[in-house]
Amino acid sequence: MRNLTTIAAGKDLSTGFTDFFDTIGITGGGLVTKGIAAVIAIIAVRMLLQLSNDPKGALRKGGLAIGTLFVAVVLAMYGDSLFSTVTTAKG
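Source: prediction; values computed, not measured.

Here is what the cut-offs are and how they apply
- Residues numbered from 1 in each chain as written.
- Predicted model: local features only at pLDDT ≥ 70, side-chain atom pairs only at ≥ 80, totals over all residues.
- Heavy atoms only, no water.
- Helix = DSSP H or I, 4+ residues; strand = E, 2+ residues; numbered from the N terminus.
- Buried < 20%, exposed > 50% of the residue type's maximum accessible area, 1.4 Å probe, protein only.
- Areas by Shrake-Rupley, 256 points an atom, 1.4 Å probe, with all protein chains shown as cover.
- Patch = residues over 30% accessible without salt bridge, like charges linked within 9 Å, V, L, I, M, F, W, Y side chains within 5 Å.
- Salt bridge = Lys/Arg side-chain N within 4 Å of Asp/Glu carboxyl O.
- pLDDT = per-residue confidence, 0-100.

Caption draft 1: View of the overall build of the protein chain. Along the protein chain, the regular secondary structure elements total three helices and zero strands. If you list the helices and strands of the protein chain from N to C, you get α-α-α. Taking all 91 residues of the protein chain together, the buried fraction comes to 14%. Here the protein chain displays about 7,500 Å² of accessible surface, and carbon together with sulfur accounts for 67% of that area.

Set out below in structure tokens:
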């Protein structure tokens, strides 16, 4: 007979997505922001991989790609704080 070890307490997820987002510590808006940041990061990496052999063009396109990657990182780290003032209606 096997001895099963419980490594986590059970969670009641009967109310759906609200409980799920509470367990992972992120809101629905934060999840969307992280998804947008991930898409921007993929675009930036693709831009880096498509650099040309021309030194001036490569420097310009590389700078744009690094800037785009920086925007993606900032959006992933601080996006939920930046957009929380926009989506929260006070009234």
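Caption draft 2: Structural detail: a nonpolar patch on the surface. There is a patch of nonpolar side chains on the surface, built from Val-73, Met-77, Tyr-78 and Leu-82 and spanning about 400 Å² of accessible area. Along the chain, the position of Val-73 falls in helix α3 (residues 55-87).

Caption draft 3: Spatial organisation of the environment of Val-74. Mapped onto the elements of the fold, Val-74 is located in helix α3. The exposure class of Val-74 is partly exposed, given its relative accessible area of 28%.

Caption draft 4: Examining the confidence of the model for the protein chain more closely. Mean pLDDT for the protein chain: 77, with 70% of residues reaching 70 or above. Ranking the helices and strands of the protein chain by mean pLDDT puts helix α2 (residues 28-49) first, with 84, and helix α1 (residues 17-24) last, with 67.

Caption draft 5: How the structure looks around the environment of Gly-35. Relative to the helices and strands, Gly-35 resides in helix α2. Put simply, Gly-35 and Ala-76 are 41 residues apart on the chain and 8.4 Å apart in space, counted from C-alpha to C-alpha.

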